[in-house]
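# Descriptive structure summary
These are the residues of each chain, in order.
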Amino acid sequence: QVELVKSGGRLVLTGGSLRLDCVASGRSFNKYPLAWFRQAPGKERQFVAGIIWSGISTYDSDSLKGRFTITRDNAKNTVYLQMNNLTPEDTAVYYCAATVGDSWNWWYVGDYQYWGQGTQVTVSS
């Protein structure tokens, strides 16, 4: 059984930092793209950042790129999301995801076959 298990979500103050970890088990994702999405209350799940096996990353926007950093450790089958200078607009449930397809669109939820269970990040002012 393939699982993506996340940790790190919690309540933080505006301007604070947080790191989310997502550990995969059941199969190796070393050669496949991994991503982070988030879903705020009443909104659709949205792409945050993605990273391919070599470490090359993609971010949804320049503003996120300046505050968030996605990395991966292939030896540990783990993807990380370091989030700095958090604001209340970053409050959401965060999901890690993996795709094993031959092609993918980072932003398209349907291209990901594996999802973590979601972890709540709340940024308080």
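Attention here is on the structure that accompanies the text. (Residues numbered from 1 in each chain as written. Predicted model: local features only at pLDDT ≥ 70, side-chain atom pairs only at ≥ 80, totals over all residues. Heavy atoms only, no water.)

### Here's the deal with the overall build of the protein
Rules: Here a strand is any run of E in DSSP of at least two residues, a helix any run of H or I of at least four, and the numbering for each starts at the N terminus. Here the radius of gyration uses the C-alpha set of atoms, whereas the globule reference equals 2.2 Å times the residue count to the power 0.38. Partly exposed describes any residue whose relative accessible area lies between the buried limit of under 20% and the exposed limit of over 50%, with all areas from a 1.4 Å probe on protein chains only and scaled to the type maximum. Any pair of residues with heavy atoms lying within 4.5 Å of one another is described as a contacting pair. Where accessible areas are quoted, they stem from the Shrake-Rupley method and a 1.4 Å probe; at the residue level, only the protein chains shown are allowed to cover.
Across its full length, the protein holds 1 helix and 11 strands. The C-alpha atoms of the protein give 13 Å as radius of gyration, which agrees with the globular expectation for 125 residues (14 Å, within 12%). For the protein, the residues scored as buried account for 41% of the 125 residues in total. In the protein, the share of contacts with a sequence separation of at least 24, taken over all contacts with a separation of at least 6, comes to 58%. A total of about 6,500 Å² of accessible surface is found on the protein, and carbon and sulfur atoms cover 48% of it.

### Observations regarding the pattern of salt bridges
Two side chains bearing opposite charge may form a pair once their charged atoms approach each other closely. As a reminder, the rule being used: Basic side-chain nitrogens of Lys or Arg form a salt bridge, by our definition, when they fall within 4 Å of a carboxyl oxygen of Asp or Glu.
By the definition in use, this model includes 3 salt bridges. In this structure, Arg19 engages Asp21 in a salt bridge whose closest nitrogen and oxygen atoms are separated by 2.9 Å. The exposure class assigned to Arg19 is partly exposed, which follows from its relative accessible area of 43%. Arg38 is paired through a salt bridge with Asp90; the nearest N and O atoms lie 2.9 Å apart. With a gap of 52 residues between them, Arg38 in strand β4 (residues 34-39) and Asp90 in the loop between β8 (78-83) and β9 (92-98) connect regions that are remote in the sequence.

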